[in-house]
Amino acid sequence: MARKKKEIMELRFYEVPQGETVLALLGDKWNRVYGHEEMHLHFHNLMEIGVCRRGAGRLLFEEEENRYTDGMISVIPENCPHTTISDGEKPNAWEYLFFDPKEIVEELFPDNAVYQNEVLEKINKAPRLLEAKRNEPFARIIDAIMVESAKKQTYYKRAIRKYVHLLIFELIRQDSKIADYADPSPRKSSSMQIAAAMEYINRQYARQLKVKDLADACGMSETHFRRVFEEYVNMSPMDYLNLVRIQRACELMKKNNDSMDVIAVKCGFTTTSTFNRNFKKYLETSPYQWKINPDNYERKIRGYHITALKGW
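What this report covers is the structure whose coordinates are included nearby. Sequence order as written defines the numbering, with residues in each chain counted from 1. Where local features are concerned, this predicted model is filtered to residues with pLDDT of at least 70; where side-chain atom pairs are given and counted, the filter is 80 or more; whole-chain, interface and lining totals use all residues. Excluded from the side-chain calculations are hydrogens and water; all other atoms, namely the structure's heavy atoms, are used.

When you go through the protein residue by residue, the secondary structure sums to 12 helices and 12 strands. Accessible area is worked out with a 1.4 Å probe on protein chains only. A residue is then buried under 20% of its type maximum, exposed over 50%, and partly exposed in between. When burial is assessed residue by residue, the protein has 46% of its 312 residues classed as buried. Only heavy atoms matter for contacts: two residues are in contact if any of them lie within 4.5 Å across the pair. Sequence separation of at least 24 residues holds for 73% of the intrachain contacts in the protein that already meet a minimum separation of 6. Only DSSP runs of H or I covering at least 4 residues are called helices, and only runs of E covering at least 2 are called strands; the numbering of each starts at the N terminus.

We now examine the environment of D111. Positionally, D111 belongs in the loop between α1 (101–108) and α2 (113–123). In sequence terms D111 and A196 are 85 residues apart; their C-alpha atoms lie 7.5 Å from each other.

Turning next to the pairing of strand β6 (residues 57–61). Counted residue by residue, β6 has four buried out of five residues, so it is predominantly covered. As paired strands, β6 and strand β7 (residues 64–68) are joined by five bridges and run antiparallel to one another. Bridging from a neighbouring strand, L59 pairs with N66 of β7. Two strands pair under a simple rule: DSSP has to find at least two bridges between them. Hairpin connection of β6 to β7: two residues between the antiparallel strands, including E62 at a positive phi of 55°.

This part takes up the pairing of strand β8 (residues 72–76). For β8, a buried count of five out of five residues is recorded, marking the element as mostly surrounded by other parts of the structure. When strand β5 (residues 47–54) meets β8, the two strands line up antiparallel, connected through four bridges. Within the sheet, the bridge partner assigned to G50 lies in β8 and is S74. As paired strands, β8 and strand β11 (residues 128–131) are joined by four bridges and run antiparallel to one another. The partner of M72 across the bridge, within β11, is E131.

Moving on: the nonpolar core. Core analysis: the largest hydrophobic core is formed by 31 residues, its most contacted members being I73, F138, I142 and I168. Listing elements by their share of this core, those giving two or more residues are β5, β8, β10 (92–99), α1, α2, α3 (136–151) and α4 (156–173). Residue contributions to this core peak at seven residues, all from α4. We define the nonpolar core as a collection of buried residues of types Ala, Val, Leu, Ile, Met, Phe, Trp, Tyr and Cys that are connected through side-chain atoms lying within 4.5 Å of one another. Judged by nonpolar contacts, the second largest core, of 21 residues, contains A113, L209, V228 and F229.

Angles run from 0 to 180 degrees between N-to-C directions of axes, and those axes are lines fitted to C-alpha atoms, restricted for helices to the stretch in contact. Running from amino to carboxyl end, α1 crosses α2 at an angle of 145°, the nearest separation of the two axes being 10 Å. Note that α1 runs across α2; the crossing there is right-handed. Residues P101, K102, V105 and E106 of α1 lie in contact with α2, whose contacting residues are Q116, V119, L120 and I123. Within the contact of α1 with α2, the residues separate by chemical class into five nonpolar, one polar and two charged. Here a crossing is taken to be left-handed if its near helix is turned anticlockwise relative to the far helix by less than a right angle, and right-handed if that turn runs clockwise. When residue character is reported, Ala, Val, Leu, Ile, Met, Phe, Trp, Tyr, Cys and Pro are called nonpolar, Asp, Glu, Lys and Arg charged, and the others, Gly included, polar.

With that settled, consider α2. Buried residues of α2: A113, Y115, Q116, V119, L120 and I123, and no others. The arc that holds the buried residues of α2, viewed along the axis, is 160°, so those residues lie on one side. Our arc is simply the arc of the directions from the helix axis toward the C-beta atoms.

What follows deals with the packing of aromatic side chains. Classification of ring pairs rests on two measures: the distance between centres of Phe, Tyr or Trp rings, Trp counted by its six-membered ring, which must be within 6.5 Å, and the angle between planes, read as stacked under 30 degrees, edge-to-face over 60 and tilted in between. As enumerated under the stated definition, the model contains 12 aromatic pairs in all. Ring centres 6.3 Å apart and planes at 80° place the aromatic pair F109 and F169 in the edge-to-face group. Within this pair, whereas F109 is found in the loop between α1 and α2, its partner F169 is found in helix α4, the two being separated by 60 residues in sequence. We classify F109 as buried; its relative accessible area is 4%.

Each salt bridge in this description consists of a side-chain nitrogen of Lys or Arg and a carboxyl oxygen of Asp or Glu lying within 4 Å of one another. For the structure shown, the criterion picks out 16 salt bridges. Between R12 and E10 there is a salt bridge, and its shortest N-O distance comes to 3.0 Å. Per residue, the accessibility class of R12 equals that of E10, and both read buried. Between E199 and R203 there is a salt bridge whose closest N-O contact spans 3.5 Å. Residue E199 and its partner R203 are located together in helix α5 (residues 186–204), separated by four residues, close to a single helical turn. Residues participating in the shared-partner salt-bridge network are R53, E95 and D143.

Have a look at this one:
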């Protein structure tokens, strides 16, 4: 029996221009019939925000189908397979923004790595299709960014940066489960105390760190540091260090084909067996099985033949 041909999926790779915050795709070039010649899905390396200026059709997020019409806004995280299909042969007019939310979130909340991770996890969790009329503040910010991108007047880069900050705040507001960062509480106070340690871990995870190193980074005694850290993070400092190492290992496995021995060393594990043990502890599978079948969008993407394109 002949093997079933894999469906094609494209990676459309975009680069934000140097010194800019967003890549804006605007104007008549994006007034076209969408999806009739190439029905396959694609995904991006950046977050995509699209505005349908005119037209109607279907927006597919993998198998999920959504109807769009004039004035609707799409918010599509990186690595999310999708495609746009116009109704009939009448051109639709879309405009797009692409940017890296991780860069902006880290800038907005520089002293709280845990909160950064929470925000990014929530805003990247799933794609969404919004009505501009019901999300007017969000729509106004997007329009302002597009106007600044088109006119490029004095200070436009700084203006766009501030508008993207507001855009992130609006994305956060759409998820009521994300706590207000400015809400004073003992837990937030604790996060400020250990922020230096978490930043130290993010930069130095490949080194053979000790709890004393982390306590010193915060100017605290080792005993007090352990208590405050565990109170805030709900795990020991070394458990958190190993969790960060495992996260970095996953990133490396996505990007290259290094052996598990090499990845273990790059991520700070002294032996491959220690790496394997910690990987299974946090992800409940081996590194080898995860690489074959990771439990995220990449798991589904691996079922396709992927071609990489430089944008549109």
